[in-house]
Structure formats: structure tokens, C-alpha cells
Amino acid sequence: MLFEAAGYSCVGTTRDSNQDSFAIKVATTELGDVALVAVADGMGGLDHGELASAEVIRMLSYWFDHKLPDALETMGFSDAGFERLVDGQWAGLIRDMNMDLIRRSMAAHMNMGTTLTAMLLVGGRYTVAHVGDARAYEIDADVPRQITEDQTFVKREVDAGRMTPEEALVHPRRNVLLQCLGSTKEVVPAFYHGTVRPGSTYLLCSDGFRHVLTEGELQRRLGPAALDEAAWEVERTRPGFAKAELKELEAEEADGFPKGSVTEALKDAAQLVMDRKEADNITAVVLRAQKEGTR
């Protein structure tokens, strides 16, 4: 399987700083391409949320670069082996992230926290680890499929029948999380597993990106028909292709992304979100999966 990805993040229209962070990592192995994409939405006020999200992305990227290669040699080729490996290692990693943020908060006498939604793709399988209310979607030729479930107050109330989905969209507590990294000593991540579908696009996004977009708009703007081979060909010409460096992204944006590129499509979707008065930071990462030999 071959993977390629692109990401976009901006402060939005009302916040003083961008507290979101994201990751894009793709490596070639004996198993084919291995990819990691992630979005972390920091909170805590001032720069604290930015520090929290950046730290968990740093720890996740370090795991991909330094721990995953050895793990791939021992995991075997079974789906069950892959899932046991990732669930076990990521559960421990997320515990470490959580305690790291708590220690930093206590040492600096401040509060910090962040959500995290991360997807690892190896061969024909994926695993998603999820804490908070960022989302992961699979977008194929039909309709977007939400992979993760929001860990929020309103989602719990909807599931319990005490609130309708329509009420949840406008409820004053719609942004209240049931858990995040850095807030309590115990965090229980949700894990999701699935088969990678060649030709599909996988979207990870902060809640600020998806609050005011319909599934139909996600499909039209970020589905395989919109982000086709021509868009990815242009994307590969970007100096920041497959990178997740916010400063480089901002500098490139000032000069203008290549017309017709995947990143331009992400920016256009983010602009629509801002035009609809979304107040939060806005971050999205898309990944395309293809069979080997199709690029």
C-alpha cells in the first residue's frame, strides 16, 4: 500500500494563537508504506494549549521514528498481531503523554491539556487512538464515514436520549469534553481498527474544522473525486509536501499554495469554515491510500 498526506492549520478569525498541532509521517518498509497522521487540539489558555498539543505530537513522532521500526520486526503479519502491538504500545504512550503534561503543569503552576486523534496505517490495516473531540473520517466514493466517536458532554446526552442531535449542535456546552490529556491522572483512549480501502481518503480534523461543515461538503471538497491524481501531482511540487511544520506552512501560505493542490483545497475548506463564523483554531490532515504500482 502507498500513502501520501497533506495538512493545513490556521489560527482562525478570533483566537490570539493557534493551539492545534498535527503530524504527518510516511516511511517505506518491507511491509510497504507505513504512515502516521495525527491532530491534537490544545486548550488551557494563552500558550499553554499550544505547548500541550506540540508535546504530544513530539512524543508520537518520536515513537514513530525510534520505536515503531523495532516493533514492526516482531509483530508478524497477522491483523491481530498488528492490533495488539499498536494498542499496547499506544496505550502506554498515551499514559506517558498524560503524566508528562501533568508534571509540566504542576512544575509551571499552570493548567494545560490537549485532545489527540492519531491514525497509524501499516499494510492493509489501520488503528486510530482517540482522546477528546477531534475526528477521524474515511471518505470514499459514496459518503464520509466517521470512524471516531466524540468524547463530549453533548454526545453522551444524545446517546442517552436526553438531547437530540440538532440540540447538540447549538448547545452551550457542546465543547465540554469528557476527557483530555493533561487534566486527570487517568485517561482511557478509545481504539478503532479497520481495513485500509485503496482509493479512499482519510481525514483527521479538529472540532473547529468540522463544526460547520456538512458531510456532503466534506465529500465534495475532500473526497477522492475532488482530491484526485491531478491534485496530488500538484501537491508533490510543494516545498512543504508531506511536512507538518507550522512556520513553514505559514510562510508558504503567504506566497500562495500551488493552484489545484491538496493543501489549497484544505485552505479553501478552512476559509469556508471561517466565513461561517467558526471561532476556534482550524486544522485538518488528509491521507490518500493507493495500491502499489498505481502512482
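Read on for an overview of the structure. These figures come from a predicted structure and were not determined experimentally.

### Some details on the overall build of the protein chain
Counting secondary structure elements, the protein chain contains nine helices and 11 strands. Taking 2.2 N^0.38 as the reference for a compact globule, 295 residues should give roughly 19 Å; the C-alpha atoms of the protein chain span a radius of gyration of 18 Å, in line with that estimate. Projected onto its principal axes, the C-alpha coordinates of the protein chain cover approximately 50 × 45 × 40 Å. Contacts in the protein chain between residues far apart in sequence, at least 24 positions, make up 73% of those at least 6 positions apart. Of note, the protein chain has its 32 positive side-chain charges centred 2 Å away from the centre of its 47 negative side-chain charges.

### Looking at unusual backbone geometry
Phi is positive for His-109, close to 55°, though the residue is something other than glycine. For His-109, the position within the fold is in the loop between helix H2 (79–108) and strand E4 (113–114). His-109 sits in the exposed class, given a relative accessible area of 75%. For Ala-242, which is not a glycine, the phi torsion comes out positive at approximately 60°. By the secondary structure assignment, Ala-242 is in the loop between helix H7 (229–235) and helix H8 (246–255). The exposure class assigned to Ala-242 is partly exposed, which follows from its relative accessible area of 30%.

### Digging into the environment of Ala-35
With respect to the helices, strands and loops of the structure, Ala-35 is situated in strand E3 (residues 32–43). Ala-35 sits in the buried class, given a relative accessible area of 0%. Sequence separation between Ala-35 and Met-119 is 84 residues, and the spatial gap between their C-alpha atoms is 8.0 Å. Not counting the four nearest positions on each side in its chain, Ala-35 is found in contact with Phe-3, Lys-25, Val-26, Phe-64, Met-119, Leu-120, Leu-121 and Leu-287.

### Some remarks on empty space enclosed by the protein
Evaluated as defined, the whole model comprises two cavities of 30 Å³ or more. Considered as a void within the structure, the largest cavity measures approximately 70 Å³ in volume. Residue lining of the largest cavity: 13 residues in total, with Arg-238, Gly-240, Lys-243, Glu-245 and Leu-249 positioned closest to the centre. Elements with a contribution of two residues or more to the lining of the largest cavity: strand E1 (2–10) and H8.

Rules and cut-offs
- Along each chain, residue indices are assigned from 1 in the same order as the chain's sequence is written.
- Totals for whole chains, interfaces and linings use all residues, but because this is a predicted model, local features are given only for residues with pLDDT of at least 70 and pairs of side-chain atoms are given and counted only at 80 or more.
- Note that the side-chain values use all heavy atoms of the structure and ignore hydrogens as well as water.
- Only runs of H or I of at least four residues qualify as helices and only runs of E of at least two qualify as strands under DSSP, and these elements are numbered from the N terminus.
- The size measure is the radius of gyration over C-alpha atoms, and the globule rule it meets is 2.2 Å times the number of residues to the 0.38 power.
- Contact criterion: two residues are considered in contact whenever any of their non-hydrogen atoms come within 4.5 Å of each other.
- We count Lys and Arg on the positive side and Asp and Glu on the negative side, and we leave His and both chain ends out.
- Charge coordinates come from a single atom per side chain, which is NZ of Lys, CZ of Arg, CG of Asp or CD of Glu.
- When a residue's accessible area, from a 1.4 Å probe over protein chains only, is under 20% of the maximum for its type it is buried; when over 50% it is exposed; and in between it is partly exposed.
- As defined here, a cavity is a set of points on a 1 Å grid over the protein atoms alone where a 1.4 Å probe fits but cannot get out. A pocket is an open set with protein on both sides within 12 Å along at least five of seven lines, and residues line them when an atom is within 4 Å of a point.
- Grid points are joined across faces, edges and corners, and a volume is the space filled by probe spheres set on the points.

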